[in-house]
Amino acid sequence: MNVNIERVVVGAALLVAAPVLLPIIREAGNIGAKTTATAWSGLRTTTRRMKEELEDIVAEAQFERLKKRVEKEIY
């Protein structure tokens, strides 16, 4: 019987607190979603930049190899 009283008290407390807690929980969820979106966008930007840098390095290495091969054939 003691457990039932506790459940009723907890349930009543949640009903009373719900109008106050729900906006706070909703705002925390919105902040979390915005933070996640910002972090994801930053990660995509960083990944894109890294990819471009690696492509540039590979292209420069290929150009240097081609240049050396051409110079070797000329001389």
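Refer to the structure printed above.
Residues numbered from 1 in each chain as written. Predicted model: local features only at pLDDT ≥ 70, side-chain atom pairs only at ≥ 80, totals over all residues. Heavy atoms only, no water.

A.B. asks: Could you give an account of the overall build of the protein chain, naming the residues involved and the relevant values?
C.D. replies: Across its full length, the protein chain holds 1 helix and 0 strands. Expected size for 75 residues packed as a compact globule is a radius of gyration near 11 Å; at 31 Å, the protein chain overshoots this value by more than 25%. Residue burial in the protein chain is summarised as follows: out of 75 residues, 0% are buried. Mean positive and mean negative side-chain charge positions of the protein chain (12 and 10 charges, respectively) differ by 5 Å. (Helix = DSSP H or I, 4+ residues; strand = E, 2+ residues; numbered from the N terminus. Rg over C-alpha atoms; globule rule 2.2 N^0.38 Å. Buried < 20%, exposed > 50% of the residue type's maximum accessible area, 1.4 Å probe, protein only. Lys, Arg positive; Asp, Glu negative; His and termini not counted. Charge placed at Lys NZ, Arg CZ, Asp CG, Glu CD.)

A.B. asks: Could you give an account of the environment of Val58, naming the residues involved and the relevant values?
C.D. replies: Inspection of the secondary structure assignment puts Val58 in helix α1 (residues 2-74). For the pair Val58 and Gly42, spaced 16 residues apart in sequence, the C-alpha separation works out to 24 Å.

A.B. asks: Describe the pattern of salt bridges, with residues and values.
C.D. replies: This model, assessed by the stated rule, comprises 1 salt bridge. The partner of Glu55 in a salt bridge is Lys51, and the shortest N-O contact between them spans 3.4 Å. With Glu55 and Lys51 both in helix α1 and 4 residues apart, this pair spans about one turn of that helix. Glu55 sits in the partly exposed class, given a relative accessible area of 43%. (Salt bridge = Lys/Arg side-chain N within 4 Å of Asp/Glu carboxyl O.)

A.B. asks: Could you give me a rundown of a negative patch on the surface, with the residues and numbers involved?
C.D. replies: On the surface, Glu52, Glu53, Asp56, Glu60, Glu64 and Glu71 cluster together to form a negatively charged patch. The residue Glu52 is located in helix α1 in this model. Residue Glu52 is classed as partly exposed on the basis of its relative accessible area of 43%. (Patch = residues over 30% accessible without salt bridge, like charges linked within 9 Å, V, L, I, M, F, W, Y side chains within 5 Å. Areas by Shrake-Rupley, 256 points an atom, 1.4 Å probe, with all protein chains shown as cover.)

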